[in-house]
Every structure is written in C-alpha cells, then in structure tokens.
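Working through the structure, step by step
These are the residues of each chain, in order.
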Amino acid sequence: GEIIIYNITIIYHDLPSSINATLCTSEDTDCYTILVNKNKPIDVLRESIAHEVCHIMEGHFTQDMHAGVIESLLHGNETGVNEDEINFYYHYVD
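Keep in mind that what you see is a predicted model, and the values were worked out from it rather than measured. (Residues numbered from 1 in each chain as written. Predicted model: local features only at pLDDT ≥ 70, side-chain atom pairs only at ≥ 80, totals over all residues. Heavy atoms only, no water.)

Take the environment of His55 next. Looking at the element boundaries, His55 is found in helix H1 (residues 42–57). The class for His55 is buried, based on a relative accessible area of 0%. For the pair His55 and Leu23, spaced 32 residues apart in sequence, the C-alpha to C-alpha distance is 8.8 Å. (Helix = DSSP H or I, 4+ residues; strand = E, 2+ residues; numbered from the N terminus. Buried < 20%, exposed > 50% of the residue type's maximum accessible area, 1.4 Å probe, protein only.)

Given below as structure tokens:
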C-alpha cells in the first residue's frame, strides 16, 4: 500500500482535567501538534493520541466544518488505528 507520512509533534502539558488531548494544526504546513494532559494515565493518553491521529488520517482538518461536527462524525465511527502498522519515530526532550 501507499506510505503516507505525517509530521506530528506530541507535547505533554498541564491541561484542564476535562481534556485528555487536543489537536492543533497549521494552515501553512502539513504539521500537527497533539497536546496531551501529562496528568492522565498512559492508557488514556494512548487512546487519546490514537483518536487525534484518526482525525488527521481522515482529513478532518482539510474540511471547513465546525469542531463539534467533526467530533460527532468520528465518535463511534473510528476506523481504528493499528499501532503495529504505524512507525513512530520520536525524540524525547526534557
């Protein structure tokens, strides 16, 4: 199959307790930033990151839709991210 490369930066940050993760995009580049709540358990973060990656893979941020509509389209309809099929390259900065 076709190999698609996404430039995604994940930042662990203090976020409000009601937010597990949130996705930021740039209109100028094909770069994405996922902010994750550093106070949440790792299993919650993995699921939240996968959810945000699904948004990227489905192209939701190339469409002119309200964020609430995008969320309702994805919730319950996630194609599922098979972590074995994704190559994660990372660099930890302290």
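This part covers the nonpolar core. One finds Ala21, Leu23, Tyr32, Ile34, Val36, Leu45, Ile49, Val53 and Ile56 forming the largest nonpolar core, which totals nine residues. At the level of secondary structure, the elements contributing two or more residues to this core comprise strand S2 (21–25), strand S3 (31–37) and H1. The element that contributes the greatest number of residues to this core is H1, accounting for four residues. Not counting chain neighbours up to four residues away, the residues in contact with Leu45 comprise Tyr12, Asn20, Val36, Asn37 and Lys40. (Core = buried A, V, L, I, M, F, W, Y, C linked by side-chain atoms within 4.5 Å. Contact = heavy atoms within 4.5 Å.)

Here we come to H1. In this model, H1 (16 residues) spans 22 Å end to end at C-alpha, consistent with the 22 Å of a helix rising 1.5 Å per residue. For H1, the set of buried residues is Leu45, Ser48, Ile49, His51, Glu52, Val53, Cys54, His55 and Ile56. Looking at the residues trailing H1, positive phi occurs at Gly59, about 75°. (Expected span 1.5 Å × (residues − 1).)

Read across the open sheet, the three strands follow the order S1-S3-S2; overall the sheet is mixed. In the strand order of this sheet, the two ends are held by strand S1 (7–13) and S2, each with one partner. Each strand axis lies, on average, 20° off the axis of its neighbour in the sheet, ignoring direction. Alignment of S2 against S3, held across five bridges, turns out to be antiparallel. Its bridge partner lying in S3, Ala21 is registered against Val36. Where H1 meets the sheet, it contacts S1, S2 and S3, and its direction lies at approximately 155° from that of S3. (Pairing = 2+ DSSP bridges. Axes fitted to C-alpha atoms, helices over the stretch in contact; angles between N-to-C directions.)

This part is about a nonpolar patch on the surface. The grouping of Ile4, Tyr6 and Met57 at the surface amounts to a nonpolar patch, some 270 Å² of accessible area in total. Checked against the element boundaries, Tyr6 lands in the segment before S1. The exposure class assigned to Tyr6 is partly exposed, which follows from its relative accessible area of 30%. (Patch = residues over 30% accessible without salt bridge, like charges linked within 9 Å, V, L, I, M, F, W, Y side chains within 5 Å. Areas by Shrake-Rupley, 256 points an atom, 1.4 Å probe, with all protein chains shown as cover. Salt bridge = Lys/Arg side-chain N within 4 Å of Asp/Glu carboxyl O.)

As a further point, take the confidence of the model for the chain. Overall, the predicted model of the chain reaches an average pLDDT of 75, with 60% of residues at or above 70. Of all the helices and strands in the chain, helix H2 (residues 67–74) carries the lowest mean pLDDT, 52, while S3 carries the highest, 91. (pLDDT = per-residue confidence, 0-100.)

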